[in-house]
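# Examining the three-dimensional arrangement
As a plain string of letters, each chain reads:
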Amino acid sequence: MTDHLNTRFAEGDEAALTECLRTHGPLIRSYLRRFVRPQDVEDLQQVVFAEVWRSRHRFDPERSLPAWMLGIAHKRAVDQLRIRTFQTVPLDVIADPVGDDGRDDGEELAERDQVRRALARLPEPQRQAIELAYYDDLTQREISEKLSIPLGTIKARTARGLRRLSGILGTVTARDRDAAPHRETVSAVRGASGSSAMDEMDEVGEMNGTGEAGRRAVRPRVAVSSCLMGEPVRFDGGHSRNRFLNNELDKHVEWVHICPEMEIGLGSPRETLRLERSPEGTRLVTRKSRVDLTDRMTALAAERVPALLEVDGYILKSKSPSCGVHGIPVHAGGTTVGRKGRGVFAGVVLDAYPLLPVEDEGRLNDALLRENFVERIFARARLRALLESDWRPRDLVSFHARHKMQLLAHDPVAFREAGRLVAGAGTRPREELAADYTRVFDTAFATKASIGRHVNVLQHCVGMVGDALDPARRADLAEVIASYRAGQVALSVPATLIRHHAQSLAADYVRDQTYFSPYPEDLRLRNHVAA
């Protein structure tokens, strides 16, 4: 059979090329991995197969076809290392190989109908964004204008859709032993011009072709009041730029800017607003002209709520009658009758998503609240990335295993409930399991971790590595944990020490717990001493 394939290939039989890709593709991929980064393997493999097809007239059918292909692969890999240039082979190079019949071999390799079937499995908002970029060659800004949807929402839908599509096609690839469909999708969405939606996603670091969303670093998607990011949208034409958000958190998250007042057409500068008590309930009105904006603001909030399902958190402007979360003054005539009001826009969002991590920038000045909020958005982002991939029950089990200590530090009851869900992961429909686990996961993180629960987790971890430590080191750990409990050292001190011992002892289960690195370490949020 092999000799027959060799002969057919040498004679230019296009079907033999497809069979060759499926038969020997895994061998070539495995060989190329020795030379280049994992994310560059498929690009280089396309270069190799393009040259294999062009050079088929030089192949002797009496020789070993895999060995001949490996020789070409070796040359191209060495060239790649020499020039240090990593480029995707244009589809038209593969789709138009040298031959007499002029047929498009690239059609067989790309299997575009497979891409269309995969697209049909995406949620409608994600599929719509990708199709407009793929088939209509629109930029993300053009898509945003066409659909009248904020640009940040379009970027997020495109990124999530591409990751999920990559996971779907990655499964097909593993089954069919053919990586071409996935690369065709990436190349096609990338488009011919540098302004395609795919290129824009690359610029913000969202594209990843591995399909391993649950394990790689993620960027939480956070809605934020535009004025906090320095946009001049305040009532006085100014802004309320927040230093922590712009200087520290900015490089780790994807922002979705929202200014409800601007979106309902008030402009900047504008007349100030306030909350007023009325028989119909609290109303949002302009201070001088007495225009009631409650219905307009509520309608806008209801319109924005579906898109906010895709965010991992929301940071709102404090003391704002539209966006404030806590302590907004409520007036009756010229008198302040209460200070427990909530912004109209914020109220609709919080009612729709009670487990969404939400804070205002004023409360983020508190070290404990800041750490708790950041920990929650990164935890939600990791779970979201997992569930948007082509995950299996065992992936959820692995995810839960890495988050056990973090869950235990927040809510022991929810921790045990999550464990029961994971124990039956293989017996329930995926969608039902994902919904239940997400609810329990979010519920756990909605409870702030206390010093006592942190101490409990630290002692659990010491117990898992303690048998391999000498008495002096165990005593040191116990002393440091006691110092943390007494408010003498920051949480980072015992946590760092335990992780150090886990690494040195190859205690993988402890070392890999997200509890020890719940967010990027350069944020330094555990360096404060709890009061």
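Residues numbered from 1 in each chain as written. Predicted model: local features only at pLDDT ≥ 70, side-chain atom pairs only at ≥ 80, totals over all residues. Heavy atoms only, no water.

Because side chains alternate across strand β5 (residues 313-316), one face comprises the buried residues Gly313 and Ile315, and the other comprises Tyr314 and Leu316, equally buried. As judged from the 3 bridges shared by strand β1 (residues 221-225) and β5, these two strands associate in the parallel manner. Following the sheet pairing, Val224 is matched in β5 by Ile315. Bridge count between β5 and strand β8 (residues 358-360): 3 bridges; the pairing is parallel. Opposite Leu316, over in β8, you have Asp360 as the bridge partner. (Buried < 20%, exposed > 50% of the residue type's maximum accessible area, 1.4 Å probe, protein only. Helix = DSSP H or I, 4+ residues; strand = E, 2+ residues; numbered from the N terminus. Pairing = 2+ DSSP bridges.)

Moving on, we get to the pattern of salt bridges. Across all of its chains, the model carries 25 salt bridges by this definition. One salt bridge connects Glu359 with Arg363, and the closest N-O pair in it is separated by 2.5 Å. Assessed through its relative accessible area of 30%, Arg363 is described here as partly exposed. One salt bridge in this structure joins Glu417 and Arg439, with 3.6 Å as the shortest N-O distance. Of this pair, Glu417 sits in helix α19 (residues 412-423) while Arg439 is found in helix α20 (residues 430-445), placing the two residues 22 residues apart along the sequence. Sharing partners across several salt bridges, the network here consists of Arg8, Asp13 and Glu19. (Salt bridge = Lys/Arg side-chain N within 4 Å of Asp/Glu carboxyl O.)

Let us now look at the packing of aromatic side chains. Taken as a whole and judged by the stated rule, the model has 9 aromatic pairs. Taking 6.1 Å as the distance between ring centres and 65° as the angle between the ring planes, the aromatic pair formed by Phe9 and Trp68 counts as edge-to-face. One end of the pair, Phe9, is in helix α1 (residues 2-10); the other, Trp68, is in helix α4 (residues 65-83), and 59 residues separate them in sequence. Residue classification places Phe9 among the buried residues on the basis of a relative accessible area of 0%. With centroids separated by 4.8 Å and ring planes inclined at 50°, the aromatic side chains of Phe441 and Phe445 adopt a geometry described as tilted. (Phe/Tyr/Trp six-rings, centres within 6.5 Å; stacked < 30°, edge-to-face > 60°.)

A word on the packing of helix α18 (residues 393-410) against α20. Two elements in contact, α18 and α20, have axes whose closest approach is 10 Å; the angle formed by their N-to-C orientations is 25°. Taken together, α18 and α20 sit at an angle that is classed as roughly parallel. Considering the relative orientation of α18 and α20, their crossing is left-handed. Taking contact as the criterion, the partners of Leu396, Phe399, His400, His403, Gln406, Leu407 and His410 in α18 are, on α20, Leu433, Tyr437, Phe441, Ala444 and Phe445. (Axes fitted to C-alpha atoms, helices over the stretch in contact; angles between N-to-C directions. Parallel < 35°, antiparallel > 145°, perpendicular 65-115°, else oblique. Left-handed = near helix turned anticlockwise from the far one by under 90°. Contact = heavy atoms within 4.5 Å.)

In this structure, the second largest pocket spans a volume of roughly 1,000 Å³. Lining the second largest pocket are 33 residues, with Arg164, Leu309, Arg384, Leu387 and Glu388 positioned closest to its centre. Of all the elements in the fold, those that place two or more residues in the lining of the second largest pocket are α8 (124-134), α10 (151-176), α15 (294-308), α17 (367-388) and α20. Sort the elements by how many residues they give to the lining of the second largest pocket and α20 lands first, with 7 residues. Along the lines of polarity and charge, the residues of the lining of the second largest pocket split into 16 nonpolar, 3 polar and 14 charged. (1 Å grid on protein atoms, 1.4 Å probe; cavity = no way out; pocket = protein on both sides within 12 Å on 5 of 7 lines; lining within 4 Å. Points joined across faces, edges and corners; volume = space filled by probe spheres on them. Nonpolar A, V, L, I, M, F, W, Y, C, P; charged D, E, K, R; others polar.)

Taken N-terminus to C-terminus, the directions of helix α2 (residues 14-32) and helix α3 (residues 41-54) make an angle of 140°; their axes are 10 Å apart at the nearest point. One finds that α2 runs oblique with respect to α3. Where α2 crosses over α3, the handedness of that crossing is right-handed. In contact with Glu14, Leu17, Leu21, Gly25, Ile28, Arg29 and Leu32 of α2, α3 contributes Val41, Leu44, Gln45, Val48, Phe49 and Trp53. Looking at the contact of α2 with α3, its residues break down into 9 nonpolar, 2 polar and 2 charged.

What follows concerns the sheet that holds strand β6 (residues 328-332). The sheet built from 4 strands is open, its strands ordered β4-β3-β6-β7 with mixed pairing. Each edge of the sheet is formed by a strand with only one pairing partner; in this case those strands are β4 (283-286) and β7 (335-341). Looking at each pair of strands side by side, their axes are set apart by 45° on average, direction ignored. Inspection of the sheet shows strand β3 (residues 273-276) paired to β4 by 4 bridges, in the antiparallel sense.

In space, the 4 strands of this open sheet follow the order β2-β1-β5-β8, with parallel pairing throughout. Pairing within the sheet leaves two strands with one partner each, and these edge strands are β2 (254-258) and β8. Ignoring which end each strand starts from, the neighbouring axes of this sheet average 20° apart. Sitting on the sheet, α17 touches β1, β5 and β8, and the angle it makes with β5 is about 145°.

This part takes up helix α21 (residues 451-465). Between its first and last C-alpha, α21 extends 21 Å over 15 residues, near the 21 Å set by a 1.5 Å rise per residue. Here α21 has its buried residues at His454, Val455, Val457, Leu458, Cys461, Val462 and Val465. Each buried residue of α21 lies within a common arc of 165° when the element is viewed along its axis, so the set occupies one face. Those residues of α21 that are buried lie in contact with α18, α22 (471-485), α23 (492-504) and α24 (508-511). (Expected span 1.5 Å × (residues − 1). Arc of directions from axis to C-beta.)

Everything listed here is a matter of geometry and, on its own, says nothing about what the molecule does.
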